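Structure at a glance
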Amino acid sequence: MAFIRKKRREQQLQLYSKERFSLLLLNLEEYYFEQHTANHIQNKGDQNERKIRGSLKICSKSVIFEPDAISQPIIKIPLRDCIKIGKHGENGSNRHFAKAKSGEISLIFSQVYFIKEHNIVAPYKIERGKMEYVFELDVSGKVEDVVETLLQLHRASRLDKLGDQTAMITAILQSRLARTSFDKNRFQSVSEKLHMECKAEMVTPLVTNPGHVCITDTNLYFQPLNGYPKPVVQITLQDVRRIYKRRHGLMPLGLEVFCTEDDLCSDIYLKFYEPQDRDDLYFYIATYLDYNKKLNFHEHHAAERTAESYMLQWQRGHLSNYQYLLHLNNLADRSCNDLSQYPVFPWVIGDYCSAELDLSNPGIFRDLSRPVGALNKERLERLLTRYQEMPEPKFMYGSHYSSPGYVLFYLVRIAPEYMLCLQNGRFDNADRMFNSIAETWKNCLDGATDFKELIPEFYGDDVSFLVNSLKLDLGKRQGGQMVDDVELPPWARSPEDFLQKSKDALESNYVSEHLHEWIDLIFGYKQKGSDAVGAHNVFHPLTYEGGVDLNSIEDPDEKVAMLTQILEFGQTPKQLFVTPHPRRITPKFKNFSQTCSHNAPMADSPVSPGEESFEDLTEESKSLAWNNITKLQLHEQYKIHKEAVTGIAVSCNGSSVFTTSQDSTLKMFSKESKMLQRSISFSNMALSSCLLLPGDATVISSSWDNNVYFYSIAFARRQDTLMGHDDAVSKICWRDNRLYSASWDSTVKVWSGVAAEMTCTRRQRFDMLAELEHDVSVDTISLNAASTLLVSGTKEGTVTIWDLTTATVLHQIPCHSGTVCDTAFSPDSRHVLSAGEDGCLNVIDVQTGMLISSMTSDEPQRCFIWDGNSVLSGSQSGELLVWDLLGGKISERIQGHTAIS
């Protein structure tokens, strides 16, 4: 999984540098400045004097000596524990910088750590008491500079206030960065053109590494100030697939760059010192990607995509639950490089005791509509009592569901050095380690302060985080047993089997039906506000984006303490949705989840889908030849109207084409004889649409003269007129002997008494069954397949979804900046597509009313047909566009007309 791959990548970099040293040996918020080849002189001046060859590392809060021999431990001396620093053999602080031939540095201190002896990862050994270590630099001329640096850092470490310490170290760092710049000799080509250079830090889990960022016309570079783990990190812009702006330390300073489509593990994460530098670099990369996309160098180049763009793919089964959650985490600032914002995944299985796991049984799943803290009713009651008695600001849970400690709790077997870094060189108590899946789940249900969710590794392929393959000494439990591999539930035959069944559970029908409920809690509308209170989903206010403005805190001590608290406690993801998240469209299966749903059942709702699903959609696609839609070619064309064509209807056998036009005529054209057979005019006003009744005996036309006209093909005459509106009739639909008419008088009306077989012997009686009132003119309407829903579009850009069984509004979505030209339901009635004068195609989820996808063209789209995935639209210029909704792009442009389609 992501973290494991990141760990292996770092191990490869260490192989490159041939070092045991790692930035994880530093304290949190500590910097590594420089290194010098040196000898550690043991027993100086004694007959047993011995020199240990190695490298002396100067860090902002410590001195680290890494011996070349792996049998020798790495030595770490905290600067705050130093008593005296200077050239060896000199006395008095005023003589530290006197000229001398000696290349030896003396450190007198009260505490030292010994790390990775024999290259074994284990808790640090500590030795206390006054002692002196002497280091001999290979280059004696550097002693004065090194001693001066150490004394400066020592003064910083001994300051009383943490804020003052941080300020002084930051000043030292910025001074070093200001005295250096990116080495242009590191460019891949002498012809590269420099666009931008600035200071930044490369972020990896728990540590940051300062240096210089440089971007050219072909590459992105980062050069670490210390040259670690290698002199320069280079990324070819041509390889970049995604870039994301990030919050880092609650500030808009981060930028993450990916050279893969779906991997959660990025290629570089940069933290800038100024938001403008971050935004400028983002602009350069995004501009490059957009330019190359237009040249079709890489169709998949993309800057930040929206959550809605992924939602449609997930709903229609083109993204798995796992992939969708990865994308949401990415968009919500979760990164495997930032353990305080590590990707969060849900517990989905609630049974870790049974011998078998039956994924067809809803009872084995966790309730995804509730946060972990609300799964145990008795514990929740205690928490709510405390919450009600708590002064403002109130919160229900004293710990978070995701934090650096929780992430490393799960990953200690694969990332022990991270745990040692986080916990000052110690592993956790053996009984508090990740010992058992069942125990961990039970503690999440019953523990007073344990509300943690899972991480992506539980649904990946790598079992190493469950197995103590490194043979780590993680301690002995109270019962006497050593901490080793994670104990699996009875239904898992092996770690591989556990992960496979966990993945199966995540992709199961039950989870697919209910995952949107968990998304509402973590990324959605139940994350904040009154909805969060109602869902028992309230955490400490400091964990939320915008919960504190660090720039407004003037006291440096308070600011550092606040930031440390937030980073260690964990952070709530950025809120992605403010309305209920739509359900996933699931394939045909028995809907067993209804028996345990925690929401009102949807079976009786007109929004609830029927049995139609992917299978029916596939048949629909085949019947419309969508697979070959991009191969459309102009076969024949005939000019039979003087003005724009407003409606087309084709007879069942395809022999006759009926058209209406703004020239006020209804015309009948024979495809067989290729001749105009009839031209009918009902008034001198434009006709707006037409349709054929079943049996192909009657054509209905709507007119700007406020009427709807019925024309008998057999008798070649108007057989009836419906005068039902006070302004132009803009669109008509017919279904099951009912006529639906939209008008500029701001209404949609439903009429009965429109029989498919109308006779000419008597006039029909039209009874109005319903009137759907709007605030402005209605320009288009459409029905779903079951005739239970109607969607309307107005001249002001609002799309309204109506429940025809009750004549009430389900959703009203202002999603266009001008007139809505056309609307239609998807074949499965799950989505509505609308096209507008603003050139946008918008996809709306019928169940929730959420706008889940929006694509833009450079001109108005007047009409379209679609199969739920692909769209063929007619542009104002006459061009036909084929849209790939799931891919978020226009896949083909076809020249169809020379005027309005």
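Bear in mind the structure is a predicted one, so any value in this text is a computation, not a measurement.

On to the overall build of the chain. Counting its regular elements, the chain contains 15 helices and 38 strands. In the chain, which comprises 901 residues, the share counted as buried stands at 57%. Across the chain, the fraction of contacts at a sequence separation of at least 24, relative to all contacts at a separation of at least 6, is 56%. Accessible surface, the chain as shown: approximately 38800 Å² in total, 48% of it carbon and sulfur.

What follows deals with the sheet that holds strand β25 (residues 747–752). With antiparallel pairing, the four strands of this open sheet are ordered in space as β23-β24-β25-β26. With partners counted over all chains shown, the strands left at the sheet margins are β23 (729–735) and β26 (767–773), one partner each. Mean inter-strand twist for the sheet, computed between neighbouring axes without regard to direction, equals 20°. Alignment of β25 against β26, held across six bridges, turns out to be antiparallel. Bridged to threonine 747 within β26 is glutamate 773.

Here, UniProt's "repeat: WD" (unreviewed entry) annotation points to residues 722–752, 771–812 and 813–854. Annotated as residues 722–752, this span is 0% helix and 68% strand, and its ends, taken at the C-alpha atoms, are 11 Å apart.

With the rule as written, the count across this model stands at 31 salt bridges. Where arginine 246 meets glutamate 256, a salt bridge forms, and the shortest distance between an N and an O atom there is 2.8 Å. On the criterion of sequence distance, the pair formed by arginine 246 in strand β12 (residues 242–248) and glutamate 256 in strand β13 (residues 251–258) is long-range, its members being 10 residues apart. Of the two residues examined, arginine 246 and glutamate 256, each falls in the buried class. Of the charged contacts in the structure, one is a salt bridge between arginine 477 and aspartate 431, with a shortest N-O distance of 3.3 Å. Of this pair, arginine 477 sits in the loop between α10 (437–446) and α11 (495–506) while aspartate 431 sits in the loop between α9 (416–422) and α10; the two residues are 46 residues apart in sequence, bridging distant segments of the chain. In the salt-bridge network here, residues are joined through shared partners; they are Arg246, Arg247, Glu256, Asp333 and Glu545.

The final tally for this structure, using the stated rule, is 37 aromatic pairs. Summarising the aromatic geometry, the rings of tyrosine 638 and phenylalanine 669 are spaced 4.6 Å apart at their centres and angled 40° between planes, so their arrangement reads as tilted. Taken together, the residues tyrosine 638 in the loop between α15 (614–623) and β15 (645–650) and phenylalanine 669 in strand β17 (residues 665–670) connect sequence positions 31 residues apart. Using a relative accessible area of 8% as the deciding quantity, one classes phenylalanine 669 as buried. The rings of Trp347, Tyr352, Phe409, Tyr410, Phe434, Trp441, Phe458, Phe465, Trp491 and Phe498 are connected pair by pair, giving a single aromatic cluster.

Attention shifts here to the packing of helix α5 (residues 307–315) against helix α6 (residues 321–331). Where α5 meets α6, the closest approach of the two axes is 10 Å, and the angle between their N-to-C directions is 175°. With respect to α6, the axis of α5 lies roughly antiparallel. For the pair α5 and α6, the contacting residues are Ala307, Tyr310, Met311 and Trp314 in the first and Asn321, Tyr324, His327, Leu328 and Leu331 in the second. Among the residues forming the contact of α5 with α6, the class breakdown is seven nonpolar, two polar and no charged.

Rules used throughout
- Residues numbered from 1 in each chain as written.
- Predicted model: local features only at pLDDT ≥ 70, side-chain atom pairs only at ≥ 80, totals over all residues.
- Heavy atoms only, no water.
- Helix = DSSP H or I, 4+ residues; strand = E, 2+ residues; numbered from the N terminus.
- Buried < 20%, exposed > 50% of the residue type's maximum accessible area, 1.4 Å probe, protein only.
- Contact = heavy atoms within 4.5 Å.
- Areas by Shrake-Rupley, 256 points an atom, 1.4 Å probe, with all protein chains shown as cover.
- Pairing = 2+ DSSP bridges.
- Axes fitted to C-alpha atoms, helices over the stretch in contact; angles between N-to-C directions.
- UniProt positions renumbered as here; feature names shortened; annotations may be inferred.
- Salt bridge = Lys/Arg side-chain N within 4 Å of Asp/Glu carboxyl O.
- Phe/Tyr/Trp six-rings, centres within 6.5 Å; stacked < 30°, edge-to-face > 60°.
- Parallel < 35°, antiparallel > 145°, perpendicular 65-115°, else oblique.
- Nonpolar A, V, L, I, M, F, W, Y, C, P; charged D, E, K, R; others polar.

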